[in-house]
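Next come the chains, spelled out residue by residue.
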Amino acid sequence: MAREEKRKDVVIVGLGWTGSILGIELADEGLEVLALERGPDRDTVPDFQYPDVADELRYGVRHGFMQKPKNSTITMRHNTNETALPYRQLGSYLPGDGVGGAGIHWNGHNWRAMAEEFRLRSYVEEEFGADIIPDDMTIQDWGVTYDELEPHFDRFEYMAGIAGQAGNINGEIIPGGNPFEAPRSRDFPMPPLPQTLNGRMFKEAAEAMGLHPFPRPAANASEAYVNEYGMQLGPCNYCGFCERYGCLNYSKASPQTCILDALKRRPNFSYRTHCEVLKVEKAADGKTATGVTYWDEEAGEEVFQPADLVILAAYQLHNTHLMLLSGLGEPYNPLTGEGVTGKNYSYQMTGGTGMFFEDIEFNPFVGAGSNGYCIDDYAINQIDFAAEGFIGGSYISTSQTNGQPIRSMSLPGGVPRWGAGWKEGIKKWYGHSMSIGSHGSNMSFRDCYLDLDPTYTDPHGRPLMRLTFDWKDNDIRMTQFMRRQIEPIVQSMNPTSWGSGYKQEGARYDIRPYQTTHNVGGTIMGEDPKTSVLNRYLQCWDVHNVFAMGAGAFPQNIQYNPTGVVGALAYWASEAIRKDYLPNPRPLV
């Protein structure tokens, strides 16, 4: 029988970005808040201190800050006719492990979704007609608008200290920014990062073609900064250890840098590590949650934690798994189209073109996670979907993030990949390459979803979660469209040689190589309980004292990196809880 702990007002599952935001917001309401984290404790010192964290083999290759598949994995198949098999080695995506979650090891690309993306189905139907939407495409509106989220985007950006150049302030187009972005109420809290040579070259080439380059919005501080919680950031020193690493310089926005030390000072907040939540427990009538049951690794026993309010703030995959195991929402059935939990899993569609310049040295060891220039001339709100034959969009960019000797040894075609020829190639070409990439949307489809695997179980005897997913023609056409836009820019830059890599017709999803950690869907939000798990406030439709944060709420994937939207939604939900739910606990819609 599980040991029972003293009741808390709030229990939060996971202590990454969203768990930290909800933790500090609800603690400041005077509630007794407890966060449960399945991984270890982590802080800038000692976990990210120099020189230990600048260990490419340990963190860049062996994924020292990531969850291990032996402890937490899924099974995967391409379609319902296949038997899913366990994902045994990290590759396609890299969920974070421990306090801070994936907020530790991200590069810091921070975006606001376009206004059209929050009402994508309505936008497509109004602009191009419903008949261009494939029968098996299940895109839908989010139930919340950009205008409603704008103050919360603003707050997240000022909390995280985002560096950038606004392109649209209250409808006024600002030179040097993104002219296609939705209006923002004010500029970024910091100016853009200084740009490396590759960015300046891309900017010049894009402008010469009549395009509109702008600096990438960066969660890498460009100057000293203090946020609303009194947390201090220092300017990025371009050390080249952002992605897959914790920031040693207090420069990259993360829960550690921006929230956690302030949150830990709240006397009504506490957290426990090495505590994996196994199930959300429900009252006898099934209408409310009574708390959670978790496995205390150090004590080696199950524990029941009673709470009046349950916040699911784990990674998207884990939130969905927990809701399926806990009977929160009806499991999705792709054959009938009924059910909601597990529905609309989406990923990200990327591609790129690499260039080599014999006479140009880029000094790649000078790198920052969000360094670079972008263009949005082929964004979702700039494409005629009916004419092009796909729904979606992409931003196009160049970046210089690191010159690490194991993972950053780009070589042109024809150079041997081992032996003396490889050594000569590295000697000649290291530091002489740059790339231009497409980071695009991924639409949701009826047969791309998450459910419980009938065969495989985890160390606690629970069914693993099963992923059914493959690339679709719509998204292949989108990435090939981006290829046709990128390659002329590349050719105009006159590289010594170049080569492209984009998904082509017939491509199958391969879970082995890293692509992005941008998994979305499964616990989608919306306007109708028949088609969504969560309402517009990220509240579970059928159990009103459960709220689920994170990218699981996305009904389909946006063209951008998801963290900025995840942060805005967390502040949006926390405001609804504080101002509307707590005075009168009930379904908010």
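Before reading on, note that the structure itself is shown above.
Okay, so let's go over this structure.

Reading the values: the criteria
Residues numbered from 1 in each chain as written. Predicted model: local features only at pLDDT ≥ 70, side-chain atom pairs only at ≥ 80, totals over all residues. Heavy atoms only, no water. Salt bridge = Lys/Arg side-chain N within 4 Å of Asp/Glu carboxyl O. Helix = DSSP H or I, 4+ residues; strand = E, 2+ residues; numbered from the N terminus. Buried < 20%, exposed > 50% of the residue type's maximum accessible area, 1.4 Å probe, protein only. Axes fitted to C-alpha atoms, helices over the stretch in contact; angles between N-to-C directions. Parallel < 35°, antiparallel > 145°, perpendicular 65-115°, else oblique. Left-handed = near helix turned anticlockwise from the far one by under 90°. Contact = heavy atoms within 4.5 Å. Phe/Tyr/Trp six-rings, centres within 6.5 Å; stacked < 30°, edge-to-face > 60°. Lys NZ or Arg CZ within 6 Å of the ring centre and 35° of its normal. Pairing = 2+ DSSP bridges.

Remarks on the pattern of salt bridges
Okay, so step 1: Considering all chains together, one arrives at 34 salt bridges under this definition.
Okay, so step 2: A salt bridge links arginine 3 to aspartate 296; its shortest N-O distance comes to 3.9 Å. Here arginine 3, found in strand E1 (residues 3-4), pairs with aspartate 296, found in strand E13 (residues 289-296); they are 293 residues apart in sequence, far enough to count as distant.
Okay, so step 3: Given a relative accessible area of 12%, aspartate 296 falls into the buried group.
Okay, so step 4: One salt bridge in this structure joins glutamate 5 and arginine 272, with 3.8 Å as the shortest N-O distance. Separated by 267 residues along the polypeptide, glutamate 5 in the loop between E1 and strand E2 (8-13) and arginine 272 in strand E11 (residues 269-272) bring together distant segments of the chain.
Okay, so step 5: Connected through shared salt-bridge partners, Arg3, Glu5, Arg272, Asp296 and Glu301 make up one network.

What to know about the packing of helix H5 (residues 146-160) against helix H12 (residues 563-581)
Okay, so step 1: Orientation of H5 relative to H12, taken along the N-to-C sense of each, is 110°, at an axis distance of 8 Å. Relative to H12, H5 is oriented roughly perpendicular. Once H5 is placed against H12, the crossing between them reads as right-handed. For the pair H5 and H12, the contacting residues are Glu148, Leu149, His152, Phe153, Arg155, Phe156 and Met159 in the first and Thr563, Gly564, Val565, Gly567, Ala568, Leu569, Tyr571, Trp572, Glu575 and Arg578 in the second.

What about the packing of aromatic side chains?
Okay, so step 1: Scanning all chains against the criterion turns up 34 aromatic pairs.
Okay, so step 2: Between tyrosine 93 and tyrosine 347, the ring centres sit 6.5 Å apart and the planes meet at 75°, which makes this aromatic pair edge-to-face. Of this pair, tyrosine 93 sits in the loop between strand E5 (85-86) and helix H4 (120-128) while tyrosine 347 sits in the loop between helix H8 (316-326) and strand E15 (349-356); the two residues are 254 residues apart in sequence, bridging distant segments of the chain. Grouping residues by exposure puts tyrosine 93 and tyrosine 347 together as buried.
Okay, so step 3: Relative to tryptophan 572, the ring of tyrosine 537 lies with its centre 5.2 Å away and its plane at 20°, an arrangement referred to as stacked. Here tyrosine 537, found in the loop between strand E21 (497-501) and strand E22 (546-548), pairs with tryptophan 572, found in helix H12; they are 35 residues apart in sequence, far enough to count as distant. For the pair tyrosine 537 and tryptophan 572, a shared accessibility class is recorded, and that class is buried.
Okay, so step 4: The rings of Tyr87, Tyr93, Tyr345, Tyr347, Phe469, Trp471 and Tyr509 are connected pair by pair, giving a single aromatic cluster.
Okay, so step 5: Taking NZ or CZ as reference, arginine 244 lies 5.1 Å from the ring centre of tyrosine 514, over its face.

Digging into the sheet that holds strand E19 (residues 449-457)
Okay, so step 1: Overall, mixed pairing links the four strands, which are arranged E5-E4-E20-E19 in an open sheet. Only two strands of the sheet have a single neighbouring strand rather than two, namely E5 and E19.
Okay, so step 2: One ladder, built from two bridges, connects strand E4 (residues 74-77) with E5; its direction is antiparallel. The residue bridging threonine 75 from the neighbouring strand is proline 86, located in E5.
Okay, so step 3: Sitting on the sheet, H8 touches E19 and strand E20 (463-468), and the angle it makes with E19 is about 70°.

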